[in-house]
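Below, each chain spelled out in residue letters.
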Amino acid sequence: MKRMRSMIVVLWLGGMALADAVIFGDGQIDTAYTYQGRLETADDLAGKKISGVYDFRFSFYTDPNGVNRIGGNDEPEIVPTIVTAGLFSLEFHLPAGDMAQLAAPIYLRVEVRRSNSEDPFIAIGRLQRIGTVPRALFAANGAFPGEIKAWAGRLKHVDGSSNLPPGWKLCDGSIVSREEFNALYDAIGDSWGDGADGEGPNFNLPDLCGRFLRGVDKDALNNNKGRDPDSDNRIGENGGNSMNEVGSIQHYATGMPKYNDFKAENAGTHQHQIKTYYPGTTSASRWYVHSSHAGDYTLLHDYSVFTEPDGSHIHTITGGDQETRPENAYVYWIIYTGIFE
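Quick caveat, the model's predicted, so the values are computed rather than measured.

Help me understand the overall build of the protein chain, please; the structure alone is not making it clear to me.
Across its full length, the protein chain carries three helices and 17 strands. Considering the protein chain as a whole, with its 341 residues, one finds that 32% of them fall into the buried category. When contacts within the protein chain are restricted to residue pairs at least 6 apart in sequence, those whose partners lie at least 24 apart make up 63%. Total accessible area on the protein chain is roughly 21,400 Å²; 51% of this is exposed by carbon and sulfur atoms.

Rendered as structure tokens:
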């Protein structure tokens, strides 16, 4: 038997081509995906690309260790496929199941053997995470769990029912169940809060009420961009992320102007003149003392008196508003949960 060294070069994940998606009346769904790649064997080392018919076997699991297989005792699907110069394209189906079961992360095991042979199947690498079936279905709506959008409508209808699109929830910091919203939790985790229970069964939705959004200040390689000078002081709410991480919060502040600093006009070294008036007159710059014995005022001197110089100085500017902000308009921030409601 020829020993096969196999490798998948192309595997479409979030962008998998969805060939078919059917939701039955009882909540069951059936899906078919296009799977493309390149199959290599030892012959490739000699420059010979393999061609022929090969059986591909697909198994699906809810864990990365390949313990809990979706479909139970049902036989995994085997797809005979023509391989031409190592290249192949085929269609496989995910086992039919309800939305709750298939909303969890799914791990794919691919095995291959020469078709119509008694050779054992050979696994192609490790289990590959393919996300969730709802994520592929959601592509029709242009939304994936964890995606945030602005909603310009009202929250509720007149009768009190939700006016939000199906599957969307308000970003108000609510505590929700990890089990119920497992696709969303798989996407955002505890970034916005751990549900006040640490490793418990809940987590927090983002709380974006009255807040602007700002991009995390680092690139895909985790390099800090340095555009947020206070990124290290960002805080986490409800046990969520802090510092330069998604979900961290930064309270308002006022920075110094970049080009024209705030300042009071500098009057230089100066004095202030003090003037007095004799009671009942308008005679300025005359100082008097009052005699309690004579009951009259006596002229002390006939010139102005000045305060001591205070040197060159500036004065604190007071006033201002409660926050620094651009002109803005209210919308509701909503997040896609991945749950058909």
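Picking up where we left off.
Just checking my understanding: could you explain the environment of I339 for this structure?
Mapped onto the fold, I339 is located in the segment after β17 (332-336). Exposure remark for I339: the relative accessible area of 19% places this residue in the buried category. On a C-alpha basis, the gap between I339 and P145 in space is 8.6 Å, while along the polypeptide they are 194 residues apart.

Could you clarify how one ought to interpret the pairing of strand β3 (residues 52-61) in this entry?
A large share of β3 lies buried, amounting to seven of its ten residues. Bridge count for β3 against strand β4 (residues 77-83) is seven bridges, and the pairing is antiparallel. The partner of R57 across the bridge, within β4, is I78.

What's the story with the sheet that holds strand β10 (residues 168-170) in this structure? I'm lost.
Spatial ordering of the open sheet is given by β9-β17-β10, a layout of three strands whose pairing is antiparallel. With partners counted over all chains shown, the strands left at the sheet margins are β9 (148-151) and β10, one partner each. Between one strand and the next, the sheet's axes are offset by a mean angle of 40°, whatever the strand orientation.

Sorry, what's going on with the pairing of β17 here?
Each regular strand displays side chains that alternate between the two surfaces of the sheet. One ladder, built from four bridges, connects β9 with β17; its direction is antiparallel. Paired with I148 across the two strands is I335, which belongs to β17. With three bridges connecting them, β10 and β17 associate as antiparallel partners. Bridged to W168 within β17 is Y336.

How each quantity is defined
Starting from 1, residues in each chain are numbered consecutively following that chain's sequence as written. Note on the predicted model: pLDDT of at least 70 is required for a residue's local features to be given, and 80 or more for side-chain atom pairs to be given and counted; whole-chain, interface and lining totals, by contrast, use all residues. Side-chain measures were taken over the full set of non-hydrogen atoms in the model, leaving aside hydrogen atoms and water. The secondary structure listing takes helices from DSSP runs of H or I that are at least 4 residues long and strands from runs of E that are at least 2 residues long, numbered from the N terminus. Note on exposure labels: buried denotes an accessible area under 20% of the residue type's maximum, exposed denotes more than 50%, and partly exposed covers the range between, all computed with a 1.4 Å probe on protein chains only. Here, residues are in contact when the closest pair of their heavy atoms is within 4.5 Å. Per-residue and other accessible areas follow the Shrake-Rupley method at a 1.4 Å probe size, with only the shown protein chains counted as cover for residues. By definition, two strands form a pair when at least two bridges between them are found by DSSP. Axis definition: a line fitted to C-alpha atoms, limited for helices to the stretch in contact. Angles are taken between N-to-C directions and run from 0 to 180 degrees.

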